[in-house]
Amino acid sequence: MSNHDFILLVLDPAPLLDLMERALRAAGYEVAIVHDKEGLDKAVVESNPALVLVGEHFADTDAFAIADDLLFRFPTLPILLYANQDRTGLAKAALRAGMVGYLHPPLKVDDIVETVKRSLARARQLGDWLRREVKRTTASLEEKAKISETERSKLEAVITNIQDGVIVLDSRQNILLMNQSAREIFGLGSQAFDGRPISDVITNPDVRAMLTRSNEGPLKYHEINFDDGRVFNGKYTPIPKIGSAISIQDISYLKELDRLKNDFVHTVSHDLRSPLTAVLGYTELIERTGPLNENQTEFLHRIQGSVQHITSLINDLLDLGRLEAGFDTRREAIQLENILKYTLDMFDGNVRKKGINLATEIAPNLPPLRANPIRIRQMMDNLVGNAIKYTPAGGEIRVCLTTEENQIILQVEDTGPGIPPGEQNRVFEKFYRASNAPEDVSGSGLGLAIVKSIVDSHQGRVWVVSTVGKGSSFFVVLPATE
Ligand code: ADP
């Protein structure tokens, strides 16, 4: 017999209590008796009984309330009910209350010991099963944890060794992870930055500007420049439930190639301009050297037209080169409405010829701009010139100048062919012509690239809103003088 099991008798004093105690002790169990609620609570916690036998009525309460409380705290504790008298339904009620058995007079010593023994065996079985189950579940959880730990270290190894810089941030832009390349890019050594705000760790203004733009959603292209000449492309990707990731790729060599290409285009354009000027000069001289027949005159004019076209293309290329190289530093106070007037005067003939209805809306008291008047005129000529060029005869153009929050807004609206949605950003790229550009409208695809460079160098913004078949609205926002 196992026998050092501890049995707690929760019974009011009665002759039968002695019998029970003796019978159980004789069977090898340790027995204790409690007479009140406090004693019960203390014994349950301190002695950890293997079984509790509760009297139907005990210290002003009943066995069911006691069983309820004990099972709530110790769900596997076997509890036996003792009733002074057998009654129908009592056994059922005891089982329903979670008790394991039921004793009532007349009681024989064997009955008591046998019932206790059976209940303990059943409780032991249940305990063993529970331990086995817990062990099994724990083992499977440990296995899963081991797998995810392996996955985690694999992922960490990939991120650490990746050539691009990678920084993972939480939703409040605190650093969760930064790989070795990112540390090298920003010269951060091996210090731990986990949990610190990225703005405390990385002070590069371009990274800060990227984080400010982060509310626009994912960013694919954001140039990050360093004082030592290195250039990186930063990508910002929001990650649901985590925060965001920034990846940084070295594009210094692409920038260098771009610079070499620009230098080449600039040199070639420059060298082409002088012989073209000579060609144009001599074609004009031919006309003066003697009478030409009709065919000769027409061919000569065609040559002149082509040379002028190439010359204007070369001038555009040279302009772009100068703007991109940052040579545009001239700044003076100008009134945009005055420059618009010159542009409109210049195009007056074309507007009349095409029967276009051109309206202007100019807000009174526009603030002055600090800008390069030549470049702003060039920007205005390109935008208004395009509107006239692409708007069919009899169409409408509206040019508006307004001011808002210390900014001047120029809007050039037309009823031309519009620009397909996927191409509206691309028309500002060099040499890009929209797929629906009318064939009879010639162009080099450089005008809007020049406009964008000019606007950028004046810290402004330019964009287009357009619907194919209805027309386009080009917007330019420039900061007014403080
Ligand atoms: P281009 O010399 O071809 O006019 P731009 O750089 O000025 O070059 O414009 C680029 C392209 O944008 C044009 O080829 C044309 O497809 C489109 N575009 C520009 N302005 C307009 C406009 N007002 N209406 C419709 N399409 C336009």
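Residues numbered from 1 in each chain as written. Predicted model: local features only at pLDDT ≥ 70, side-chain atom pairs only at ≥ 80, totals over all residues. Heavy atoms only, no water.

Participant: Kindly report on the nonpolar core, identifying the contributing residues and their values.
Facilitator: Ranked by size, the top nonpolar core spans 45 residues in total, and within it Ile376, Met379, Leu383, Leu410 and Val476 carry the most contacts. Of the residues forming this core, the biggest block, seven residues, is contributed by helix H12 (residues 373-390). The residue makeup of this core includes at least three contributed by each of domain 3 (254-324) and domain 4 (332-479). Leu8, Leu40, Val54 and Leu90 belong to the second largest nonpolar core, which has 23 residues in total. (Core = buried A, V, L, I, M, F, W, Y, C linked by side-chain atoms within 4.5 Å. Buried < 20%, exposed > 50% of the residue type's maximum accessible area, 1.4 Å probe, protein only. Helix = DSSP H or I, 4+ residues; strand = E, 2+ residues; numbered from the N terminus. Domains from an automatic or database assignment.)

Participant: For the site of the ligand, give the residues involved together with the corresponding values.
Facilitator: Near the ligand you find 20 residues, and of these Asn386, Tyr390, Asp414, Arg433 and Leu448 are the closest. Tyrosine 390 is positioned with one of its side-chain polar atoms (N or O) 2.7 Å from an oxygen atom of the ligand. Alanine 434 places a polar main-chain atom, nitrogen or oxygen, 2.9 Å from an oxygen atom of the ligand. Look at the ligand: alone it shows 530 Å² of surface, and the protein chains cover 98% of it. The element contributing the most residues to the shell around the ligand is H12, with four residues. For the shell around the ligand, the residue count by class is ten nonpolar, seven polar and three charged. (Near = heavy atom within 4 Å. Polar contact = N/O pair within 3.5 Å; in protein donor to acceptor, adjacent residues only side chain to side chain. Areas by Shrake-Rupley, 256 points an atom, 1.4 Å probe, with all protein chains shown as cover. Nonpolar A, V, L, I, M, F, W, Y, C, P; charged D, E, K, R; others polar.)

Participant: Which residues make up the sheet that holds strand E17 (residues 407-414), and what are the values?
Facilitator: Across the sheet, five strands lie side by side as E14-E16-E17-E19-E18; this open sheet has mixed pairing. With one partner strand each, in any of the chains shown, strand E14 (357-362) and strand E18 (461-467) form the two edges of the open sheet. Here the strands of the sheet are splayed against their neighbours by 10° on average, with no regard to which way each runs. In terms of strand pairing, E14 meets strand E16 (residues 396-404) through six bridges, oriented parallel. When the sheet's bridge partners are listed, threonine 360 is paired in E16 with valine 399. On top of the sheet, helix H11 (residues 336-353) reaches E14, E16 and E17; it is set at about 175° to E14, its chief contact. Strands in contact with H12 are E16, E17 and strand E19 (471-479); relative to E17, the strand with the most contacts, it is inclined by about 25°. (Pairing = 2+ DSSP bridges. Axes fitted to C-alpha atoms, helices over the stretch in contact; angles between N-to-C directions. Contact = heavy atoms within 4.5 Å.)

Participant: So what about the packing of helix H1 (residues 15-26) against helix H5 (residues 109-161)? Which residues, and what values?
Facilitator: Contact pair H1 / H5: the axes reach a minimum separation of 9 Å and the direction vectors enclose 60°. As the angle between them shows, H1 and H5 are arranged oblique. H5 is crossed by H1, and the crossing has right-handed handedness. Between H1 and H5, the contacting residues are Leu19, Met20, Ala23 and Leu24 on the first element and Val109, Ile112, Val113 and Val116 on the second. When its residues are assigned to classes, the contact of H1 with H5 shows eight nonpolar, no polar and no charged. (Parallel < 35°, antiparallel > 145°, perpendicular 65-115°, else oblique. Left-handed = near helix turned anticlockwise from the far one by under 90°.)

Participant: Lay out the pairing of strand E1 (residues 6-10) in plain terms, naming residues and giving numbers.
Facilitator: For E1, a buried count of five out of five residues is recorded, marking the element as mostly surrounded by other parts of the structure. Alternating residues of E1 divide into Phe6, Leu8 and Val10 and Ile7 and Leu9, and every residue in both groups is buried. Where E1 lies against strand E2 (residues 30-34), five bridges are found, and the strand directions are parallel. Along E2, the bridge assignment pairs isoleucine 7 with valine 31.

Participant: So, the pattern of salt bridges: which residues are in play, and what are the values?
Facilitator: All told, the structure shown has 26 salt bridges when counted by the stated rule. With its nearest N and O atoms 3.3 Å apart, the salt bridge here joins lysine 430 to glutamate 324. With lysine 430 in the loop between E17 and helix H13 (447-457) and glutamate 324 in helix H10 (residues 294-324), this pair connects stretches of sequence that are 106 residues apart. For lysine 430, a relative accessible area of 30% corresponds to the partly exposed category. What makes glutamate 324 partly exposed here is its relative accessible area of 39%. Counted as one network, the salt bridges with shared partners bring together Lys37, Asp41, Asp69 and Arg73. (Salt bridge = Lys/Arg side-chain N within 4 Å of Asp/Glu carboxyl O.)

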